[in-house]
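# Structure at a glance
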Amino acid sequence: MTKQVMGGFPGRRLRRLRKHDFSRRLVREHTLTVDDLIYPMFVLPGIQRREAVASMPGIERLSIDLLLEEAAELVALGIPLLALFPVVNAAEKTLLAEEAYNPDGLVQEAVRELKAAFPELGIMTDVALDPYTVHGQDGILDEDGYVLNDVTTEVLVKQALSHAAAGADMVAPSDMMDGRIGAIRRALEEHGFINTQIMAYSAKYASNYYGPFRDAVGSAGNLKGGNKATYQMDPANTDEALQEVAFDIEEGADMVMVKPGMPYLDVVRRVKDQFGVPTFAYQVSGEYAMHMAAIQNGWLKERECIMESLLCFKRAGADGILTYFAKRVAQWLKEEQ
């Protein structure tokens with residue numbers, strides 16, 4: 001008689017549940033759906049303008065009229081949220097970033113038109129000054145080139161209010177100034193925007209994976225090889241990320257974000273375990289560019305690797321992902337229905 005070992009092999013064979021597709025599906029711990037996707041898009045001035053982003057194959061900068069056409073497709077695919085990033089004319093960039101809170105600015109107009117055409121589509125706006133400054137930094141500089149925290153926060157508050165007034169559903173401060181979430185939340189409350197959501201870039205690292213994005217919004221040339229290490233987080237730190245998240249939650253953030261994504265999934269996991277709040281991650285431009293380079297060279301399978309990369313975010317604890325693959329993935333998920 002064969003001895004039965006119920007607590008281990010052969011009584012317990014983990015491969016049993018992997019043999020069939022039906023059983024693999026039944027015991028799958030995490031899934032990716034269209035509800036997990038946020039699509040970042042670049043908007044530029046003008047009409048009927050479309051510009052390819054060379055370092056991000058397949059991604060384009062679009063004028064508002066073309067952005068509306070794209071938004072119609074996103075709605076049809078069921079993508080819940082679009083994240084807007086502006087490409088600002090050089091003439092509108094200044095030391096004090098006044099264009100950031102112009103009520104008739106590019107982002108503000110784009111928000112108004114998007115919400116009028118597609119009220120069901122969530123619109124998130126980037127609250128940061130780097131697209132609007134002549135130096136490409138996220139804030140106002142002193143004479144030594146150091147970003148002034150409190151002065152910058154005052155401008156960020158004006159920017160956030162202008163976005164809310166235009167109809168933005170969610171503002172996303174990505175600047176990493178201390179105390180800016182509390183200042184923005186107080187201002188939104190005082191001006192009656194009590195339901196405007198805040199997704200805080202709480203753990204945003206001074207990463208080298210942002211290069212293609214800076215090309216896309218036109219801030220790379222202004223930055224002139226500089227870095228943002230005096231306000232974005234050191235990639236070596238994780239305990240500090242938990243402090244940043246704790247402050248942002250206390251100050252009124254509805255959701256928190258970790259950026260970049262895949263190289264920082266350990267931070268996503270720690271944030272979710274520690275706080276249990278809606279936690280998001282950004283699969284940034286450099287991650288997109290790496291995937292696309294390997295895919296276009298035939299080194300990686302497109303659909304399989306993209307889907308696997310996003311499932312990793314879910315496994316790490318992310319409630320949703322900002323990804324330039326969002327539209328493509330939504331199309332694939334729809335095909336599987």
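Placed above this text is the structure.
Since this is a predicted model, take the numbers as computed values, not measurements.

This part takes up the overall build of the protein. Per the secondary structure count, the protein includes 12 helices and 12 strands. A globule of 337 residues ought to have a C-alpha radius of gyration of about 20 Å, and the protein, at 21 Å, matches this closely. Its C-alpha atoms give the protein principal-axis dimensions of roughly 85 × 45 × 40 Å. Within the protein, the proportion of its 337 residues that are buried is 54%. Of the contacts formed within the protein by residues at least 6 apart in sequence, a portion of 74% connects residues at least 24 apart. Split by element, the accessible area of the protein, about 15700 Å² in all, is 52% carbon and sulfur. With 35 positive and 48 negative side-chain charges, the protein shows a separation of 13 Å between the mean positions of the two kinds.

Glancing now at the environment of glycine 136. Summarising the element assignment, glycine 136 is placed in the loop between β5 (122-127) and β6 (140-141). For the pair glycine 136 and lysine 334, spaced 198 residues apart in sequence, the C-alpha separation works out to 39 Å.

As a volume, the largest pocket reaches approximately 250 Å³. Lining of the largest pocket is provided by Arg25, Arg28, His30, Thr31, Leu32, Arg303, Met307, Leu311, Leu333 and Glu336. Only α11 (302-316) and α12 (326-336) provide two or more residues apiece to the lining of the largest pocket. By residue number, the principal contributor to the lining of the largest pocket is α11, which donates three residues. Of the residues contributing to the lining of the largest pocket, the split by class is four nonpolar, two polar and four charged.

In this section: the packing of helix α2 (residues 64-77) against helix α3 (residues 106-117). At a closest axis distance of 10 Å, the pairing of α2 and α3 adopts a crossing angle of 40 degrees. Judged on the interaxial angle alone, α3 and α2 are oblique. The handedness of the crossing between α2 and α3 comes out as right-handed. Contact with α2, carried on its side by Ile64, Leu67, Leu68 and Ala71, involves Leu106, Glu109, Ala110, Glu113, Leu114 and Ala117 of α3 and no other residues of that element.

What follows is about the packing of aromatic side chains. Tallied over the entire structure, the rule returns nine aromatic pairs. With centroids separated by 5.2 Å and ring planes inclined at 90 degrees, the aromatic side chains of phenylalanine 85 and phenylalanine 213 adopt a geometry described as edge-to-face. Note that phenylalanine 85 is positioned in strand β4 (residues 81-86) and phenylalanine 213 in helix α6 (residues 211-217), a separation of 128 residues in sequence. Comparing phenylalanine 85 with phenylalanine 213 shows no difference in burial state: the two are buried. When the ring of tyrosine 288 is compared with that of tyrosine 324, the centres are 5.9 Å apart and the planes differ by 65 degrees; the resulting orientation is edge-to-face. Of this pair, tyrosine 288 sits in helix α10 (residues 285-296) while tyrosine 324 is found in the loop between β12 (320-323) and α12, placing the two residues 36 residues apart along the sequence. Taken individually, tyrosine 288 and tyrosine 324 each receive the classification buried, so the pair is uniform in this respect. Feature note: the residues Phe42, Phe85, Phe213, Tyr282, Tyr288, Tyr324 and Phe325 constitute an aromatic cluster, connected by ring pairs. The ring of phenylalanine 213 has lysine 259 lying over it, and the distance from NZ or CZ to the ring centre is 5.3 Å.

The next point concerns the pairing of β12. Residues Gly320 and Leu322 of β12 are buried on one face, and the alternating residues Ile321 and Thr323, pointing to the opposite face, are buried as well. As defined by bridge partners, strand β1 (residues 37-43) adjoins β12 across two bridges and the pair is classed as parallel. Directly across from leucine 37, in β12, lies its bridge partner isoleucine 321. With four bridges connecting them, strand β11 (residues 279-283) and β12 associate as parallel partners. Directly across from glutamine 283, in β12, lies its bridge partner threonine 323.

Turning our eyes to something else, we now look at empty space enclosed by the protein. The full count for this structure, using the stated rule, is one cavity of 30 Å³ or more. Considered as a void within the structure, the largest cavity measures approximately 100 Å³ in volume. Surrounding the largest cavity, 13 residues form its lining, Asp130, Ser174, Lys204, Phe213 and Lys259 being those nearest its centre. Mapped onto the lining of the largest cavity, the elements with two or more residues apiece are β9 (197-204) and α6. The residue inventory of the lining of the largest cavity, partitioned by class, reads five nonpolar, one polar and seven charged.

Quick notes on the rules
- Residues numbered from 1 in each chain as written.
- Predicted model: local features only at pLDDT ≥ 70, side-chain atom pairs only at ≥ 80, totals over all residues.
- Heavy atoms only, no water.
- Helix = DSSP H or I, 4+ residues; strand = E, 2+ residues; numbered from the N terminus.
- Rg over C-alpha atoms; globule rule 2.2 N^0.38 Å.
- Buried < 20%, exposed > 50% of the residue type's maximum accessible area, 1.4 Å probe, protein only.
- Contact = heavy atoms within 4.5 Å.
- Areas by Shrake-Rupley, 256 points an atom, 1.4 Å probe, with all protein chains shown as cover.
- Lys, Arg positive; Asp, Glu negative; His and termini not counted.
- Charge placed at Lys NZ, Arg CZ, Asp CG, Glu CD.
- 1 Å grid on protein atoms, 1.4 Å probe; cavity = no way out; pocket = protein on both sides within 12 Å on 5 of 7 lines; lining within 4 Å.
- Points joined across faces, edges and corners; volume = space filled by probe spheres on them.
- Nonpolar A, V, L, I, M, F, W, Y, C, P; charged D, E, K, R; others polar.
- Axes fitted to C-alpha atoms, helices over the stretch in contact; angles between N-to-C directions.
- Parallel < 35°, antiparallel > 145°, perpendicular 65-115°, else oblique.
- Left-handed = near helix turned anticlockwise from the far one by under 90°.
- Phe/Tyr/Trp six-rings, centres within 6.5 Å; stacked < 30°, edge-to-face > 60°.
- Lys NZ or Arg CZ within 6 Å of the ring centre and 35° of its normal.
- Pairing = 2+ DSSP bridges.

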